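# Overview (structure and organization)
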Number of protein chains: 2
Amino acid sequence: MVTGRATSRSTSAGAEEPIVFVVDDDASVRGALSNLFRSVDLRTEVFASAHEFLQRKLPNVPSCLILDIRLPRLSGLDFQAELAKAGIHIPIIFMTGHGDIPMTVRAMKAGAVDFLTKPFRDQDMLDAVTTAIERDRNRRDEARVLANLRAALDTLTARERQIMALVTAGLMNKQVAAEIGVAEITVKIHRGQIMRKMGAKSLPDLVRMAQLLGIGPQT
Amino acid sequence: MVTGRATSRSTSAGAEEPIVFVVDDDASVRGALSNLFRSVDLRTEVFASAHEFLQRKLPNVPSCLILDIRLPRLSGLDFQAELAKAGIHIPIIFMTGHGDIPMTVRAMKAGAVDFLTKPFRDQDMLDAVTTAIERDRNRRDEARVLANLRAALDTLTARERQIMALVTAGLMNKQVAAEIGVAEITVKIHRGQIMRKMGAKSLPDLVRMAQLLGIGPQT
DNA sequence: GGGAGGATCATACCAAGGTTTAGGTCCCAA
DNA sequence: TTGGGACCTAAACCTTGGTATGATCCTCCC
C-alpha cells in the first residue's frame, strides 16, 4: 500500500511530493511518527501546538494533518472546526489516548479521515495517511479545475454570464433574445465571445462548465 | 426540528410518510423508542433481530434504521455491511451501551448517520432521525431520477448509445459520422431518435443526462 | 414466406448556429 | 476631451442541425 514517496507524477509540474503534518504536544509521539513516516519516505513536519502549525504557510501539495484530540489550549476538535471555518480543508487524522465515542462521532461527522486510539499499529496509521493524502490530492485536483473555471467566468461581463446561463439551460438563441429583450444577432455575438473567453470547444463543453460552476438548472 | 409527520408533500403521489425502523433485542428499548417516535407522530416499526427486519419488505418511503451495535447472532456493524452489500442503502443510526472507538469509526466510515451511546437524550435521537430521514429522502429523489434516465437509456439501441456518447462529448455530426464510419445524415437521424427516446428537450438537456448516467468525459 | 425493427443512405428543404464587416450609443477613466 | 470597453444592431454569408420522404438491406422471429 504505502509504497513510498509519490514519485514525480508524470502530469502537472514537479513539487508534488506530499507532506504529513503532525501536531502533538508530546515530543516522543512527534519523534515516533516522524520516524515512521520517514521510514516510508514520506516528507514530515511536526509541531508542538496548533498555533505553531498555523504559522506554517501551507504548501500547495497534497498533505494531511495528524492531530491529537487533546492539545494544550485548543482541543483537536475545536481546531478542526477552526480550520473548516477558515476554509482550510486539509484531511485530518485524529489520535487519542483517552477519547470517547461522542468525540469520535463529532470528528468523523466533521469529515475526519480516521480516529486512532493510542497505541495504534503503525500500519493503521500509514493506511490512514495514504487515504488522507489521496483524498487531498483529489480535492486539490477538483479545486484547481474549479479555480480555473471561476477565473474564466470572472472575465465574462454581466450580460455574457446571463446569456451563458440561458444558453446552457437549453434555450435557443431566439428564445434567449426574447427573454432578455435584444436581437438574436446580439445573442449570437455574445455567445461566441462566451465560448472564446471560457475556452469551451463545444456547447456540451460549456454546459459541463456551467454545471461545475453551479449555473442554471442544478439538476 | 422534528415537527411531526411529513404532511403530504405537494409533489409526487401520496404515501410519503416516513418510517423509522428499530432493531434491538431489548424489549424495553423498543418500547421506549416506539413511544418517543410516536410522541412526535413518526411512524415506527420495531424488530427484535436483524433477521426479523429483513423479513419486512421495505416500503418505498423515506426511512431510517436504528440499530443496536450488539445484536444476537449478527453484530450491528456486520449487519450494516450486509445491507450495503445487498444494495440496501437505508441510513443507519447506531446505539450502544458498550461501544468502543474503533467500532464507532468503522460505523461512521461506512456511512452511519450517528452513533449514540446509551443512555442518550431523546432530543439527540430525534435530531439524528430527522437527519437520517432527510438524507434518505434526498437519496431516493436522486435514485428515482436516475432510474428514469436508465430506463430511457435502455430503450436506446447500441448504435444510438454510441452516438449519444460522441454527441454529448461535443463532436459535430460530421465528426461523429467519420468516427463511426457512416454518412452524416445517418448520424442526424439517430440523433433525432435519441432526443425523442431520452425525452431531452435540448442538447444541454441531453448532456446533463449523459453526465448523470456517467457517459462520456466524466470531468 | 413475410413482417418488424434496426441500420443505412439520398435528396430536398428549412431552421438554427456562427462569423465578418460595419456601424451605432453610452459611460467611465485617463 | 478622448479612448476604450460594453452593449447593441444590421446585412451578408456560410456551416450545422434537423426533419420528411422514400428506399435498400439485414436479421430475427412467427
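Just so it is clear, the model here is predicted, and its values are computed rather than measured. (Residues numbered from 1 in each chain as written. Chains lettered and ligands numbered in written order. Predicted model: local features only at pLDDT ≥ 70, side-chain atom pairs only at ≥ 80, totals over all residues. Heavy atoms only, no water.)

## Some thoughts on the interface of chain B and chain A
Accessible area lost upon the coming together of the parts serves often as the stated size of an interface. Stated formally: Any two residues whose heavy atoms approach within 4.5 Å are treated as being in contact. By definition, the buried area sums, over both parts, the 1.4 Å-probe accessible area that each loses when the two are put together. Take a side-chain nitrogen of Lys or Arg and a carboxyl oxygen of Asp or Glu: if they are within 4 Å of each other, that pair is a salt bridge. Counting of polar contacts relies on pairs of N or O atoms within 3.5 Å, with two restrictions inside protein: one atom must be capable of donating a hydrogen and the other of accepting it, and residues adjacent in sequence are counted only when both atoms are side-chain atoms. Secondary structure elements follow DSSP: runs of H or I no shorter than four residues count as helices, runs of E no shorter than two count as strands, and numbering proceeds from the N terminus.
At the junction of the two partners, chain B supplies 25 residues and chain A supplies 25 residues. Together, the buried faces of chain B and chain A total about 2000 Å²; carbon and sulfur atoms form 71% of this surface. Counting across the interface, chain B meets chain A through two salt bridges. One salt bridge connects K109(B) with D114(A), and the closest N-O pair in it is separated by 2.7 Å. Across the chain B-chain A interface, the total number found is four residue pairs in polar contact (both at pLDDT 80 or more). Residue assignment for the side of chain B that touches chain A shows that the elements contributing at least two residues are α4 (101-109), β5 (114-117), α6 (158-169) and α9 (203-213) of chain B.

## Digging into the sheet that holds strand β1 (residues 19-23) of chain B
For clarity, the threshold we go by: The criterion for strand pairing is that DSSP finds at least two bridges linking the strands in question. What counts as an axis is a line fitted to C-alpha atoms, over the stretch in contact for a helix, and the angles between N-to-C directions run from 0 to 180 degrees.
Taken together, five strands build an open sheet; the order of strands is β2-β1-β3-β4-β5 (chain B) and the sheet is parallel. For this open sheet the edge positions go to β2 (43-47) and β5 of chain B, each flanked by a neighbour on one side alone. Neighbour to neighbour, the strand axes of the sheet diverge by 20° on average, direction disregarded. The pairing of β1(B) with β2(B) spans five bridges and is classified as parallel. The partner of I19(B) across the bridge, within β2(B), is R43(B). The sheet contacts of helix α4 (residues 101-109) of chain A involve β4 (92-96) and β5 of chain B, and relative to β5(B) the element is tilted by about 170°.

## Topic: the UniProt feature "modified residue: 4-aspartylphosphate" (unreviewed entry) in chain A
Residue and element names in this part refer to chain A. Convention followed: UniProt positions are given in the numbering used here, feature names are shortened, and annotations may be inferred rather than shown by experiment. Accessible area is worked out with a 1.4 Å probe on protein chains only. A residue is then buried under 20% of its type maximum, exposed over 50%, and partly exposed in between.
On the UniProt side, "modified residue: 4-aspartylphosphate" (unreviewed entry) is annotated at positions that read D68 here. With respect to the secondary-structure elements, D68 resides in strand β3 (residues 63-68). Judged by relative accessible area, D68 falls into the buried class, the value being 7%. With residues near it in sequence (within four places) discarded, D68 still touches V23, D24, G76, M95 and K118. A distance of 2.8 Å separates the side chain of D68 from the backbone nitrogen of R70, its partner in a polar contact.

## Quick look at the protein's contact with DNA strand C
To keep it simple, the criterion reads: Being near a molecule or strand, for a residue, comes down to having at least one heavy atom within 4 Å of it.
As a matter of local geometry, DNA strand C sits amid 15 residues, with K174(A), K188(A), R191(A), R159(B) and A183(B) nearest to it. Within 4 Å of the protein, the contacting atoms of DNA strand C are drawn from sugar and phosphate to the extent of 69%. Measuring from a phosphate oxygen of DNA strand C, one finds a side-chain N or O atom of T186(B) at 3.1 Å. Looking at the surface near DNA strand C, the elements with two or more residues in it are α7 (173-180) and α8 (184-198) of chain A together with α8 (184-198) of chain B.

## Quick word on empty space enclosed by the protein
Residues and elements named next belong to chain B. For clarity, the cut-off: Using only the protein atoms, space was sampled on a 1 Å grid; points where a 1.4 Å probe fits but cannot get out form cavities, open sets with protein on both sides within 12 Å along at least five of seven lines form pockets, and lining residues are those with an atom within 4 Å of a point. Grid points are joined across faces, edges and corners, and a volume is the space filled by probe spheres set on the points. Just so you know the grouping, Ala, Val, Leu, Ile, Met, Phe, Trp, Tyr, Cys and Pro go in nonpolar, Asp, Glu, Lys and Arg go in charged, and all remaining residues, Gly too, go in polar.
Considering all chains together, one arrives at one cavity of 30 Å³ or more under this definition. Reported here for the largest cavity is a volume of approximately 40 Å³. Around the largest cavity, the lining residues are E16, N60, V61, P62, R137, R140, D141 and R144. Its residues assigned to classes, the lining of the largest cavity comprises two nonpolar, one polar and five charged.

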